[in-house]
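# Close look at the chain arrangement
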Amino acid sequence: MPSKQEASIMQTEIVQEKTDIVQEKPDLSADQQRALRVREVIEEIRPNLKRDGGDCELVSIDGNKINVKLTGACVFCKLASATLEGIQARMIERLGEFVRVIPVPMGFKGRN
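Okay, so let's go over this structure. (Residues numbered from 1 in each chain as written. Predicted model: local features only at pLDDT ≥ 70, side-chain atom pairs only at ≥ 80, totals over all residues. Heavy atoms only, no water.)

Further remarks concern the overall build of the protein. In terms of helices and strands, the protein carries three helices and three strands. Ordering the α and β elements of the protein from the N terminus gives α-α-β-β-α-β. Long-range pairs, those at least 24 residues apart, make up 53% of the contacts in the protein between residues at least 6 apart in sequence. Accessible surface computed for the protein: about 7500 Å², of which carbon and sulfur atoms make up 53%. (Helix = DSSP H or I, 4+ residues; strand = E, 2+ residues; numbered from the N terminus. Contact = heavy atoms within 4.5 Å. Areas by Shrake-Rupley, 256 points an atom, 1.4 Å probe, with all protein chains shown as cover.)

Here it is, written out as structure tokens:
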């Protein structure tokens, strides 16, 4: 069983491979590549949230607004706003543009 550091390195390598795959597909439109990067960031964050009993789902992308739904332990967590800020910071870093990560209420149906 790999150590936490080794597991983190392996996860980083997998994410980098996914990012490289996205960059190698010229047949995807800019919007599709952007949506893939948003999904990649969410997938990077999810294992950490799941360890604490929570989760995060992408609901929709509407321009520079990225709507997400926090579930499980994240719903009532006092640090949920810090989690959202961290997700937003990583999105901005990965996309190279300002985006706003917005938590949506249960039952929200966005467009994607």
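Take the sheet that holds strand S1 (residues 54-62) next. The sheet built from three strands is open, its strands ordered S1-S2-S3 with mixed pairing. Edge positions in the sheet fall to S1 and strand S3 (100-103), since each has one partner strand and no second. In this sheet, adjacent strand axes meet at a mean angle of 30 degrees when their direction is disregarded. Looking at chain direction, S1 and strand S2 (residues 65-72) are connected through eight bridges and run antiparallel. Paired with Ile61 across the strands is Ile66, a residue of S2. Across the sheet, helix H2 (residues 30-51) is in contact with S1 and S2; its angle to S1 comes to roughly 165 degrees. The sheet strands contacting helix H3 (residues 80-95) are S1, S2 and S3, and the helix crosses S3 at an angle near 145 degrees. (Pairing = 2+ DSSP bridges. Axes fitted to C-alpha atoms, helices over the stretch in contact; angles between N-to-C directions.)

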